[in-house]
Amino acid sequence: MPINPEEQILIDRCKTGDRSAFDVLIRSYEKRVYNLAYRLSGSYDEANDISIDAFLRVFQAVRLFRGDANFSTWLFRIVTNVYLDRRKRTRNKQHLSLEEYIELEENSVSRQIEDTAPTPDLVVEGHERQDILQKAIALLPDYQRTMIVLYHTEGLSYEEIAEVLDLRIGTVKSRLNRARLSLREKLDPVKELFP
Amino acid sequence: MKRDSAKELYSDYLTGDLDDALKVSVENHLAEDTDSRTEVDAMRRVWTQLDAMPRVDTPAYFHENIMSRLDAELARETEQSAARTAVWDWRTLFRPRQLAVAATLLIVFLGGVEAIQSQHAALGPLGTIYRWLRPATPVMPVVTPRLEWKQNTTTGGTLVVGVRGVSQTQPVHFRVQLYGKIKEVENAVRVLGSGEGTLSAGEEEVVELPLADKPTDVDCTLLIMLSSTETPNQGAVNKVVPVSLQPLTSDAAR
């Protein structure tokens with residue numbers, strides 16, 4: 001998808017360190033970035049921090065943006081990386097036990113956090129359906145969660161997700177399928193809420 | 001189709017990305033397997049809910065917070081840059097890294113100039129620096145000594161050594177020394193006579209050595225030592241030319 005000419009001008013100005021251009025540029029993306037950060041982290045406060053960190057990274061790295069991909073795809077990649085970096089730091093700080101497993105799909109190998117959170121049936125009562133869904137998403141391993149959020153809540157295509165996560169489309173499809181199955185299993189105890 | 005195999009296709013089945021053959025296979029499987037059908041239906045419902053998840057609003061002053069953080073970051077970078085500039089002074093050149101870089105550059109420079117194998121003058125100012133850092137070794141001339149023995153009327157005589165340099169481009173200092181063997185001590189010599197001068201292109205310089213006896217190759221050794229400095233004893237002798245005294249004997253015989 002070609003970049004909007006106005007957006008291209010803004011990006012070019014940002015590359016020269018133009019603060020006002022950056023001001024305009026982030027206004028058009030801040031809500032999407034915040035939502036992506038929120039759906040990934042499941043926390044408003046953390047979404048705020050992730051968004052700010054991501055925009056600072058964008059400002060520092062915008063000179064490196066070549067325009068090969070959409071700016072939004074590039075931006076989402078940065079947001080996702082900020083989120084994953086923070087998760088990694090948090091895991092290290094909390095010394096959580098990590099479970100390493102091999103995902104036998106197209107020879108990819110992933111390290112994922114062990115799911116130690118309470119099962120969905122313990123958090124059902126008193127919550128709205130959307131909250132339950134958000135909590136179920138939060139129970140997924142990072143890369144499955146990222147797949148679900150990018151595809152379903154941000155509406156990215158397989159191709160765009162492949163660019164954001166630097167994966168092949170086949171890998172995206174198979175991981176997304178597995179993430180959906182996993183999410184459905186998490187919601188199984190409260191399936192009556194999803195008629 | 002087995003249940004596990006079918007499971008891998010549910011996403012593509014729900015998005016309509018399966019080709020017709022696979023789609024029919026999955027549908028046949030779902031028609032036969034109640035549990036699988038239930039799973040697909042549940043997946044579809046969750047999917048619908050996922051797509052309907054609402055957007056959340058950004059917090060108050062979200063944009064302002066981003067910009068103020070950006071401004072703070074820019075200010076911090078400016079301060080750091082200014083601090084780096086302020087602390088730079090000539091002592092920076094003597095830090096280990098800077099010294100290492102300078103030494104490396106000098107080695108590369110000298111190596112490069114050496115490799116060029118050309119007239120240093122052609123290098124212009126670089127050649128001047130190079131000559132200053134590494135003076136050129138002068139090319140020592142080929143000497144053609146002329147020997148003559150002048151017998152005194154009473155006793156002894158004078159050995160005349162005429163030295164002419166060939167092909168030298170700059171004045172060269174020379175020293176003529178005649179050594180005589182000491183008969184009483186094996187492999188010991190003493191200086192019987194010496195003289196020195198400066199060779200200029202095309203001119204003969206003459207050194208006269210007063211001696212008690214006419215020298216021969218059996219008893220004596222005549223050496224001409226060439227050097228680029230006028231004080232060869234303090235510097236290195238660049239070339240030593242042994243001279244045979246045989247012509248002198250022949251002259252005497254004649």
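As the structure is a prediction and not an experimental result, all values here were calculated from the model. (Residues numbered from 1 in each chain as written. Chains lettered and ligands numbered in written order. Predicted model: local features only at pLDDT ≥ 70, side-chain atom pairs only at ≥ 80, totals over all residues.)

(A) Fine view of the overall build of chain A. A count of helical and extended segments in chain A gives 9 helices and 2 strands. Its helices and strands in sequence order give chain A the pattern α-α-α-α-α-β-β-α-α-α-α, from N to C terminus. For chain A, the proportion of contacts with a sequence separation of at least 24, taken over those separated by at least 6, is 60%. (Helix = DSSP H or I, 4+ residues; strand = E, 2+ residues; numbered from the N terminus. Contact = placed C-beta atoms within 7 Å.)

(B) The sheet that holds strand E5 (residues 189-199) of chain B, seen in detail. Residue and element names in this part refer to chain B. Within the open sheet, the 4 strands sit side by side as E5-E4-E7-E8. Their pairing is antiparallel. With one partner strand each, in any of the chains shown, E5 and strand E8 (239-243) form the two edges of the open sheet. The average undirected angle you get between the axes of adjacent strands in this sheet is 20°. Direction of pairing for strand E7 (residues 220-227) relative to E8: antiparallel, over a ladder of 5 bridges. (Pairing = 2+ DSSP bridges. Axes fitted to C-alpha atoms, helices over the stretch in contact; angles between N-to-C directions.)

(C) Quick look at the confidence of the model for chain B. All names here are of chain B. For chain B, the mean per-residue pLDDT works out to 81, and 83% of the residues sit at or above 70. Within chain B, the element-level pLDDT minimum falls on helix H8 (residues 246-253), averaging 62, and the maximum on helix H3 (residues 20-32), averaging 91. Per the prediction output, this complex has pTM 0.55; the corresponding ipTM is 0.76. (pLDDT = per-residue confidence, 0-100.)

(D) Representation of helix H9 (residues 169-187) of chain A in the model. Taking 1.5 Å of rise per residue, 19 residues should cover 27 Å, and H9 of chain A covers 27 Å from first to last C-alpha, within 8% of that figure. Here H9 of chain A lies mainly inside the structure; 14 of its 19 residues are buried. (Expected span 1.5 Å × (residues − 1). Buried ≥ 20, exposed ≤ 12 C-beta atoms within 10 Å, placed from the backbone.)

(E) Layout of helix H1 (residues 5-15) of chain A. Those residues of H1 of chain A that sit buried are Leu 10, Ile 11 and Cys 14 of chain A. For H1 of chain A, the buried positions fall inside an angular range of 100° around the axis, keeping them on one side. (Arc of directions from axis to C-beta.)

(F) View of the packing of helix H6 (residues 129-139) of chain A against H9 of chain A. All names here are of chain A. Running from N to C, H6 and H9 cross one another at 125°; their axes reach a closest spacing of 9 Å. When the axis of H6 is compared with that of H9, the two are oblique. Where H6 crosses over H9, the two elements pack in a sense that is right-handed. In this structure, H6 uses Ala 136, Ile 137 and Leu 139 to contact H9, whose residues at the interface are Leu 183, Lys 186 and Leu 187. Tallied by class, residues from the contact of H6 with H9 come to 5 nonpolar, no polar and 1 charged. (Parallel < 35°, antiparallel > 145°, perpendicular 65-115°, else oblique. Left-handed = near helix turned anticlockwise from the far one by under 90°. Nonpolar A, V, L, I, M, F, W, Y, C, P; charged D, E, K, R; others polar.)

(G) Looking closely at the interface of chain A and chain B. With 31 residues of chain A at the contact, the number on the chain B side is 28 residues. Those elements that place two or more of their residues in the side of chain A that touches chain B are helix H2 (19-27), helix H3 (30-41), helix H4 (44-61), H6, helix H7 (142-153) and H9 of chain A. When residues of the side of chain A that touches chain B are assigned to their parent elements, the largest contribution, 8 residues, is made by H9 of chain A. Across the side of chain A that touches chain B, the residue classes break down as 16 nonpolar, 6 polar and 9 charged.

(H) Layout of the nonpolar core. Ranked by size, the top nonpolar core spans 62 residues in total, and within it Ala 37, Val 79 and Ile 148 of chain A carry the most contacts. With sequence-adjacent residues up to four places away left out, Val 79 of chain A is seen in contact with Val 33, Leu 36, Ala 37, Ile 50 and Ala 54 of chain A. Membership of the second largest hydrophobic core comes to 17 residues, among which are Leu 159, Val 172, Leu 199 and Leu 226 of chain B. (Core = buried A, V, L, I, M, F, W, Y, C linked by C-beta atoms within 7 Å.)

(I) Summary view of the confidence of the model for chain A. All names here are of chain A. Overall, the predicted model of chain A reaches an average pLDDT of 81, with 79% of residues at or above 70. At the level of individual helices and strands, chain A shows its lowest average pLDDT in strand E1 (residues 98-101), which scores 34, and its highest in H3, which scores 95. Taken as a whole, residues 95-114 scores under 50 in pLDDT and shows 30 contacts with residues more than four places along the chain or in a different chain. Within the model, pLDDT remains below 50 along residues 121-126, and this stretch shows 6 contacts once partners closer than five positions in the same chain are excluded.

(J) Molecular detail of the pairing of strand E3 (residues 157-166) of chain B. Residue and element names in this part refer to chain B. Pairing between strand E1 (residues 142-143) and E3: 2 bridges, direction antiparallel. The partner of Val 142 across the bridge, within E3, is Val 166. Sheet analysis places strand E2 (residues 146-151) next to E3, joined by 6 bridges and oriented antiparallel. Within the sheet, the bridge partner assigned to Glu 148 lies in E3 and is Val 160. Sheet analysis places E3 next to strand E6 (residues 204-211), joined by 8 bridges and oriented antiparallel. Residue Arg 164 lies in a different strand from E6, and its bridge partner there is Glu 204.

(K) Main features of the packing of H3 of chain A against H7 of chain A. Residues and elements named next belong to chain A. One way to put it is that H3 packs onto H7 with a least axis distance of 9 Å and a crossing angle of 140°. Relative to H7, H3 is oriented oblique. When you trace H3 past H7, the crossing you get is right-handed. Residue-level contacts link Asn 35, Leu 36, Arg 39 and Leu 40 of H3 to Arg 145, Thr 146, Val 149 and Thr 153 of H7. By residue class, the composition of the contact of H3 with H7 is 3 nonpolar, 3 polar and 2 charged.

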